[in-house]
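# Fold and contact review
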Amino acid sequence: MKITYLSHSCFLVETSEYTILIDPFLTGNPLAPVKAADVRCDAILVTHGHGDHIGDTADIAKANDATVISSYEVIDWLSRQGVKKGHPLGLGGGFNFPFGRVKLTVALHSAGYKPEGSEDFLYLGVAAGVLLTAEGKTIYHAGDTALTLDMQLIGQRNRIDVAMLPIGDNFTMGPEDAVLAAEFVKAGLVLPMHYNTFPPIKQDAEAFVAALAEKGIKGNAIKIGETITV
Ligand code: NI
Ligand code: MN
């Protein structure tokens with residue numbers, strides 16, 4: 001399985017047959033290494049309805065005829081943006097797709113969305129993390145979240161090969177809490193995300209990886225545009 005980091009919380013996961021995109025925030029993202037129009041995928045996982053996660057989902061889904069998997073509220077809203085293939089999941093619920101299994105996990109965060117030109121927030125359900133299992137590997141993408149003891153359960157109930165954890169602070173947990181989160185989920189490899197995109201979430205990812213190493217946890221400050229094989 002190959003994982004490519006497309007900045008912020010966006011990752012492209014490639015199995016031998018399928019390409020799965022997570023949280024595609026590319027347009028308006030100063031660090032995005034690719035244009036939304038150049039991304040090819042079979043499925044898109046959206047952790048929650050904030051603009052920096054839902055991002056280009058509607059355009060990419062329509063251009064690729066991709067299946068979007070997210071909360072009931074996000075899928076309903078996307079269907080009104082012309083997305084034809086949506087699959088809603090609730091927290092704690094999973095489903096076996098042709099490319100693998102997706103399960104939504106608890107995240108402690110919000111999920112309101114402000115459509116362009118609107119002064120009001122649209123209710124888009126609750127924030128989630130995702131567990132993606134394909135070809136015998138399980139990836140945990142935590143979405144945006146605070147540190148929570150629920151992560152212990154995620155580590156107990158799953159053998160996590162790769163965990164993507166936010167380290168930006170300000171809107172999510174910061175690096176110190178993310179080290180504890182990494183201990184909770186017991187991942188074979190931790191990839192930091194949700195940092196440096198904007199000034200309030202500036203962080204030193206190499207320092208985070210060093211802090212993980214002190215706890216005996218393997219981390220990789222994956223570069224934007226870099227692909228790793230797991
Ligand atoms: Ni968010
Ligand atoms: Mn975010």
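Residues numbered from 1 in each chain as written. Chains lettered and ligands numbered in written order. Predicted model: local features only at pLDDT ≥ 70, side-chain atom pairs only at ≥ 80, totals over all residues. Heavy atoms only, no water.

## Some words on the overall build of the chain
So the rule is basically this: The way it works is that DSSP assigns letters per residue, a run of H or I at least four long becomes a helix, a run of E at least two long becomes a strand, and they are numbered from the N terminus. With the radius of gyration taken over C-alpha atoms, the globule rule is written as 2.2 Å times the number of residues to the power 0.38. Note on contacts: a residue pair is in contact if any heavy atoms of the two residues lie within 4.5 Å. Here, Shrake-Rupley sampling with a 1.4 Å probe gives the accessible areas, and only protein chains in the shown set may cover a residue. For this count, His and the chain ends are skipped, Lys and Arg are scored as positive, and Asp and Glu as negative. Lys charges are placed at NZ, Arg charges at CZ, Asp charges at CG and Glu charges at CD.
Scanning the chain from N- to C-terminus turns up six helices and 13 strands. Over its C-alpha trace the chain gives a radius of gyration of 16 Å, about what one expects of a compact globule, namely 17 Å for 230 residues. By its C-alpha atoms, the chain is 50 × 40 × 30 Å across when sized along the principal axes. Sequence separation of 24 or more characterises 58% of the internal contacts of the chain that already satisfy a separation of 6 or more. Surface exposure of the chain reaches about 10,200 Å², of which carbon and sulfur atoms provide 50%. Side-chain charges in the chain split into 18 positive and 26 negative, and the spacing between the mean points of these groups amounts to 6 Å.

## Some points on the coordination of the manganese ion (ligand 2)
Around a metal, the idealised angle for a tetrahedral arrangement of four donor atoms is 109.5 degrees; for an octahedral arrangement of six donor atoms it is 90 or 180 degrees. Operational definition: We call an atom a donor if it is N, O or S and sits within 2.8 Å of the metal, or 3.2 Å for Na, K and Ca. Water is not counted, so some sites may look partial. When accessible area is computed with a 1.4 Å probe and restricted to protein chains, residues below 20% of their type maximum are described as buried, those above 50% as exposed, and intermediate ones as partly exposed.
For the manganese ion (ligand 2), every protein donor is listed as Asp 52 (OD), His 53 (NE2), Asp 144 (OD) and His 194 (NE2), and the spread of their distances is 2.1 to 2.2 Å. Positions of the donor residues of the manganese ion (ligand 2), expressed as sequence spacing, correspond to D-H-x90-D-x49-H. The metal-metal distance between the manganese ion (ligand 2) and the nickel ion (ligand 1) is 3.2 Å, with Asp 144 serving as a donor to both. Highlighted residues: Asp 144 in the loop between strand 10 (137-141) and helix 4 (150-157) and His 194 in the loop between strand 12 (189-193) and helix 6 (205-214), separated in sequence by 50 residues. Take Asp 144 and His 194: they sit in the same class, and that class is buried.

## Concerning the side chain of His 141
Condition: By the criterion applied in these results, polar contacts are pairs of N or O atoms within 3.5 Å in which, for protein atoms, one can donate a hydrogen and the other can accept it, and in which residues neighboring in sequence qualify only through two side-chain atoms.
Looking at the secondary structure, you find His 141 in strand 10. Within polar-contact distance, the side chain of His 141 engages the backbone nitrogen of Gly 143 at 3.1 Å. In this structure His 141 touches Ser 9, Phe 11, Ile 22, Asp 23, Thr 47, Gly 129, Val 130, Met 164 and Met 193, once residues within four positions along its chain are discounted.

## Re the coordination of the nickel ion (ligand 1)
Put simply, the rule reads: All geometry calls rest on donor angles, where a four-donor set with angles between 85 and 135 degrees is tetrahedral, four- and six-donor sets with opposite donors more than 155 degrees apart and all others between 65 and 115 are square planar and octahedral, and all else is irregular.
Protein coordination at the nickel ion (ligand 1): the donors are His 48 (NE2), His 50 (ND1), His 109 (NE2) and Asp 144 (OD), at 2.2 Å from the metal. The site at the nickel ion (ligand 1) holds four donor atoms, and with the angles between them running 90 to 170 degrees, its shape is irregular. Mapping the donors of the nickel ion (ligand 1) onto the primary sequence yields the spacing H-x1-H-x58-H-x34-D. By relative accessible area, Asp 144 is classed as buried at 2%.

## As for helix 5 (residues 175-185)
All of the buried residues in helix 5 are Ala 178, Val 179, Ala 181, Ala 182, Phe 184 and Val 185. Looking at the packing, one finds that the buried side of helix 5 touches strand 10, helix 4, strand 11 (162-166), strand 12 and helix 6. Lys 186 sits one or two residues past helix 5 and shows a positive phi near 55 degrees.

## A few points about the layout of surface pockets
Take a probe with the size of a water molecule and roll it over the atoms, and the empty space left behind shows itself. Short version of the rule: Using protein atoms alone on a 1 Å grid, points that fit a 1.4 Å probe yet trap it form a cavity, whereas open point sets bounded by protein on both sides within 12 Å along at least five of seven lines form a pocket; residues with an atom within 4 Å of a point count as lining. Grid points are joined across faces, edges and corners, and a volume is the space filled by probe spheres set on the points. In this count, Pro and Cys sit with the nonpolar residues alongside Ala, Val, Leu, Ile, Met, Phe, Trp and Tyr, while Asp, Glu, Lys and Arg are called charged and the others, Gly among them, polar.
Within this model, the largest pocket holds a volume of roughly 300 Å³. Around the largest pocket sit 15 residues that line it, and Gly 51, Ile 54, Gly 55, Asp 56 and Tyr 113 are the ones nearest its centre. When its volume is computed, the second largest pocket comes out at roughly 190 Å³. Around the second largest pocket sit Leu 91, Gly 92, Lys 103, Leu 104, Thr 105, Val 106, Leu 131, Asp 150, Leu 153, Ile 154, Arg 157 and Asn 158, which together line it. Secondary structure elements with two or more residues in the lining of the second largest pocket: strand 8 (100-106) and helix 4. Across the lining of the second largest pocket, the residue classes tally to six nonpolar, three polar and three charged.

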